[in-house]
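Commentary on secondary and tertiary structure
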Amino acid sequence: MICSTNATKYFDSLCAVDHVSAEIQTGSVFGLIGSNGAGKSTFLRMLSGILKPDEGSITIDDEEVFENIPLKNRCFYISDEQFFFSGITPLELQKHYSLYYPLFDKERYKKLMNAFELDEKRKVRTFSKGMKKQVSVIMGLCSGAEYLFCDETFDGLDPVARQAVKSLFAEDIAERGITPIIASHNLRELEDICDHIGLLHRGGILFSRDLDDMKLGIHKVQVIWNKPFPESSLSALNIMHKDRRGSLYTLTVRGTRDEVQNIISNTQPTFFELLPLSLEEIFISETEVIGYDIKSLLL
Amino acid sequence: MTSNRSFFKLQREFIRRNLILPVLSGVGFFFTLPLFTLMMIQHKLDYISNTDKNEVKVIISKLASDTLLSISHAGVKLGIIIMASLAAFVLFRYLHSSKQIDFFHSLPISRGNLFIQLYLTGFISVIPFYIIMYLVAVICAFAMGAGLYITAGLIFKTIIINIIYFLLFYSLAILAVILSGNTFISACIYAILNFAIPATSFMLVSLLELSLKTYNGSQLLEAIATKGFPILCYFGNSAEFKTTSILIGTLIVSIILFALNKVLFTIRKSERAGSALSFYKTKAPLKCYLVLMCGYGLMFLFMSVAGFSWRYVGIFFGIVLAHAVFEALYNFDILSLFKNWKTMIALLVVAFGFLTFLKADIIGYDKKIPNENDVIGVSLNAEYPDGGFRSYLDTFDYLTDAKNISTVLKLAQYGVDNLDNENLYNRTYTDEVVEYDAQYINIQYKLKNGTEMSRHYNVLSSDEYIGYLEDIMFTEEFMKNESYSIFDIPVDKLVKAEINVRTQSTPSNDVSGTIIDLNKATEIIKTLREESLTLTKEQAKNDIPVLRLDIDTSYYDDEYEGYMAGNFVDYVPVYSTYTKTLALISQYANVQPEPLNAEDIEGLEIYVYRDVKNNTNLDEQTREKLSKLTSEKDGSYLVTVTDKETISKIIENAILSEVTGSASPLFKTEKDYSIEVIAKYDINTTEVLFYPVGKYPIELLTNIILGSNQ
């Protein structure tokens, strides 16, 4: 289990990650979402032992990650801006990683290279951005690492490759119990694959929850009343967002499905529908609550 | 990743990933060693093609062992420095890129292990190629027949010295790369690390010289400056820089730097890629140091260009500009020029304050003279007023005689008494002392507690001053320790000696005899030493040396472990009382004293110059007549005398300048600068004539000049 306890990171006077506490269960797919500059990459770099927290701690299976080589042998970091040695080929890269990761699966590497139709003798610098990402993912998956730290890994991958990577992750989770931690802006992608979500905003963590619980705890309601908005009757409801188009109100509310349904039914609406909320909508609602309302600038 | 096998596999991988280093090393050292060796030997062979075969072998062997394959090979040294710097920057520069840092620091390898891997990669990528190319060059030298003096010791010594200095420059460059998150700033830090110690010492010495009147350098600061200057230590031709102690010191510094680098590399924060300095605590001290250096540097620049009074303007602009530049660099923002302006003001106060503090001489540095009981030796540099060529008095060793110590202390007191004479010390930066009669004295004391103390004084020339000098000059101890004298020749270590002998009649482009036999020359030097000690003050004042010797020697210096050639001791006087020396010279060179002779002179040219109108030695009537001659002849008037009888009369008391040069500074000559006599030996040889004081034949000369016009 990965455990972050009050992990804090300063870049000069800027607090990039502010006392973040979260737990990531082994075998789960953890999605790290957040606004721009929220500290996702910094947090991921702390998790993978690149950065040392200025305050607090980051542990994996109760051991500090930073400079813990046996532990880092079980981790693989796929950077958003990948670095490849000048003139290196995937084959050479595989040999390079094999030196660090004794459990590197060379057969699987060959298999995946073929599956992704990547030439292992071609220089990586001649690859497209998506192909480079594919190479990195293959290296990560074949390294034998239990923890994969993926920073915007799906960015640049075509839909087919994205789907393939998701399948590979699922396969490895099922077979080896790996724990991918994926930081991304692409919430739709995460929605498909993650079972746990951490939302970072301005360096601090807003929440870290199971995706299903989250979806169950937050709802979008479309409702029409033939009378003014029943504010007092809805006071028991935790309304995160309210939008009105004519007589149609769209509310984002927190609470269980039954709770929300009961409270709104009691107001005797003309029309009422409970809709599932996408991860993107949850993200927008949650960040809006704490004042991150870029959307209002655009509308 | 802890097993040896993995370690070496990883090492091989690092070398493979940085192949540019071994390739450059191989190519570079191939050009500077085997190829250069072959080319230079071939060039030498072509140059000496007509020489005897054995001699040729000796010459090319010396070329190989003394230059091409020795530590003196500047090309190899340059290659070592370039490769050391390049290796450090190529291997550790990843610290300046956050992308690369993420890659390396996410790998399961400890920072300490990574550092060692990278460090060894640099070493292995350069040094084996250097050694291989060096050995190939040795084989080439042997193949060309230039291996006479190539020994295992030479090979070992050369390789070891180059490796030690490689480690030093490599470690310094790594430190520079680690200390910054930016490659350009790292390069600047590398330059600072190389030059900081000598530059600071030099700056401190310059400030002390500027502020204190008697400051005469510091052996400690000088030693720090030279020994703390890696490039000078490496390239210095002096054997001083190749002694074992310096090499051991360099190795120890390299090891310390290695350990420091490893610690810094381990604790360096990954997020510092791209920042000006990786360790923020070094920001302020580094900036303060550099700003102060720049401030004082600009002060000296302003003083040298505009004069002494501009020093404060120089400091002000130096500090303000440097502070602004460093703030902009630290923040990578031109708008940050005046950030931390309070620090800038504090630095201005410190810079002005330090200068004022030095100038105030609160500790009484200038007036300090050691207690006579504490002094065990003194060495002196002083100038005898109007003393001609041999007026500079200098000792090569300490004078320990109590009487000499006492006299030197009196001389120092005289110097202290002159400190308040502002004219003596009133100077601009470019001009020396303004006062005309000023004399310069440097005194060095060796104290009982083992320390040394040194002072410099500007004093007025006076009878008291001359008296002190003469009290010292004619002591046996001073004579035996006088620099550039017959006693300043290491007689017992000589491997070659050549003595040129001149008489009073020998013109400057000629010698009367030469002794090149080492034993004969040594015998003459030893005899002359004995007889030189008999010279009295009266004799020095009145006698003209009958012969002048110019001695050129070569000897083996144990301290520097090398041959010192071309050591000239010129203008050595031989007086008529030095009978044994004269006898030896007569025997070995067949030269006897010979006065200036009319028969040797083709003619005399007597020049009258325009200045004659101010000549107070002439009566008014003569002055007017001579002045009229010069105005008629465009500023100067020439009379040529060829009559031997007249020549004899004119040269009766005359001395050639070549002879006066060897006389004691107490011996005074007279020369009228408005009427000059030049002896013409042949079409190419002319000599100006000098006369002892009071013997200038002004009357005879004016009669001849005026007679020639009638």
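Residues numbered from 1 in each chain as written. Chains lettered and ligands numbered in written order. Predicted model: local features only at pLDDT ≥ 70, side-chain atom pairs only at ≥ 80, totals over all residues. Heavy atoms only, no water.

Residues and elements named next belong to chain B. Direction vectors running N to C along helix 6 (residues 111–143) and helix 11 (residues 244–267) enclose 135°, while the axes themselves pass 9 Å from each other. The angle between the axes of helix 6 and helix 11 places the two elements in the oblique class. The two elements helix 6 and helix 11 cross, and the hand of that crossing is right-handed. Together, R111, G112, L114, F115, I116, L118 and Y119 of helix 6 and F258, N261, K262, F265 and T266 of helix 11 make up the contact between the two elements. Partitioned by chemical class, the residues of the contact of helix 6 with helix 11 number 7 nonpolar, 3 polar and 2 charged. (Axes fitted to C-alpha atoms, helices over the stretch in contact; angles between N-to-C directions. Helix = DSSP H or I, 4+ residues; strand = E, 2+ residues; numbered from the N terminus. Parallel < 35°, antiparallel > 145°, perpendicular 65-115°, else oblique. Left-handed = near helix turned anticlockwise from the far one by under 90°. Contact = heavy atoms within 4.5 Å. Nonpolar A, V, L, I, M, F, W, Y, C, P; charged D, E, K, R; others polar.)

In this structure the tally under the stated criterion is 45 aromatic pairs over all chains. Between A:F76 and A:Y101, the aromatic rings sit 5.5 Å apart at their centres with planes inclined by 45°, giving tilted as the arrangement. Pair noted here: A:F76 is in strand 6 (residues 75–78) and A:Y101 is in the loop between helix 3 (90–100) and helix 4 (106–115), with a separation of 25 residues, a long-range link. Accessibility expressed as a relative area gives 2% for A:F76, which makes it buried. Classification of A:Y101 as buried rests on a relative accessible area of 1%. Between A:F83 and B:F104, the aromatic rings sit 6.1 Å apart at their centres with planes inclined by 40°, giving tilted as the arrangement. Placement of the pair is A:F83 in the loop between strand 6 and helix 3 and B:F104 in helix 5 (residues 98–106), with the two residues belonging to separate chains. Owing to a relative accessible area of 14%, A:F83 belongs among the buried residues under this scheme. A residue is classified by how much of its surface remains accessible, and B:F104, at 5% relative accessible area, is buried. (Phe/Tyr/Trp six-rings, centres within 6.5 Å; stacked < 30°, edge-to-face > 60°. Buried < 20%, exposed > 50% of the residue type's maximum accessible area, 1.4 Å probe, protein only.)

Once the charged atoms of two side chains with opposite charge are near each other, the side chains can pair. As enumerated under the stated definition, the model contains 22 salt bridges over all chains in all. In this structure, A:D243 engages A:R245 in a salt bridge whose closest nitrogen and oxygen atoms are separated by 4.0 Å. By relative accessible area, A:D243 is classed as partly exposed at 29%. The class of A:R245 is exposed, set by a relative accessible area of 61%. Its salt-bridge partner being B:E476, residue B:K480 comes within 2.9 Å of it at the nearest N-O pair. Taken together, the residues B:K480 and B:E476, both in helix 18 (residues 476–481) and 4 residues apart, mark about one turn of the helix. Owing to a relative accessible area of 38%, B:K480 belongs among the partly exposed residues under this scheme. Residues participating in the shared-partner salt-bridge network are A:K9, A:D54, B:K269 and B:E271. (Salt bridge = Lys/Arg side-chain N within 4 Å of Asp/Glu carboxyl O.)

Further remarks concern the sheet that holds strand 12 (residues 238–245) of chain A. All names here are of chain A. On the basis of which strands lie adjacent, the open sheet formed by 4 strands has the order 12-13-11-14 and antiparallel pairing. Two strands close off the open sheet at either side, each with one partner strand: strand 12 and strand 14 (271–275). Averaged over neighbouring strand pairs, the angle between their axes works out to 20° when direction is ignored. Here strand 12 runs beside strand 13 (residues 248–254); their pairing, made up of 7 bridges, is antiparallel. Within strand 13, the residue paired with D243 across the bridge is T250. (Pairing = 2+ DSSP bridges.)

The next thing to look at is the packing of helix 3 of chain A against helix 4 of chain A. Residue and element names in this part refer to chain A. Between helix 3 and helix 4, the shortest axis-to-axis distance is 11 Å and the interhelical angle comes to 155°. As summarised for this structure, helix 3 and helix 4 are arranged roughly antiparallel, according to the angle between their axes. Considering how the two elements wind past one another, helix 3 and helix 4 form a crossing that is right-handed. Residues P90, L91, Q94 and S98 of helix 3 form the contact with helix 4, whose participating residues are K106, Y109 and M113. When its residues are assigned to classes, the contact of helix 3 with helix 4 shows 4 nonpolar, 2 polar and 1 charged.

On to the pairing of strand 1 (residues 2–11) of chain A, then. All names here are of chain A. For strand 1 and strand 4 (residues 55–60), the ladder comprises 5 bridges, and the chain directions are antiparallel. Across the sheet, the residue bridging to S4 is I58, located in strand 4. What sits between the antiparallel neighbours strand 1 and strand 2 (residues 14–24) is a turn of 2 residues, in which D12 has the positive phi angle 55°.

The next thing to look at is the interface of chain B and chain A. At the interface, 25 residues of chain B touch 28 residues of chain A. The three residues of chain B that bury the most area against chain A are B:R17, B:F103 and B:P108, which together make up 25% of that side's buried surface. In this assembly, chain B and chain A are joined by 5 salt bridges. Linking A:K9 and B:E271 is a salt bridge whose minimum nitrogen-to-oxygen distance equals 2.7 Å. Viewed at the interface, chain A and chain B are joined by 9 residue pairs in polar contact (both at pLDDT 80 or more). Per-element accounting of the side of chain B that touches chain A gives the leading share, 8 residues, to helix 5 of chain B. (Buried area = accessible area lost by both parts, 1.4 Å probe. Polar contact = N/O pair within 3.5 Å; in protein donor to acceptor, adjacent residues only side chain to side chain.)

Okay, the side chain of B:E482 next. Residues and elements named next belong to chain B. Tracing the chain through its elements places E482 in the loop between helix 18 and strand 5 (494–503). Judged by its relative accessible area of 14%, E482 falls in the buried class. If sequence neighbours within four positions are ignored, E482 has contacts with R390, Y392, L393, D394, T395, F396 and D488.

Time to look at the sheet that holds strand 5 (residues 63–64) of chain A. Residues and elements named next belong to chain A. What the 4 strands build is an open sheet, ordered 2-1-4-5; its pairing is antiparallel. Edge positions in the sheet fall to strand 2 and strand 5, since each has one partner strand and no second. As paired elements, strand 4 and strand 5 share 2 bridges and run antiparallel to each other. Following the sheet pairing, I60 is matched in strand 5 by E63.

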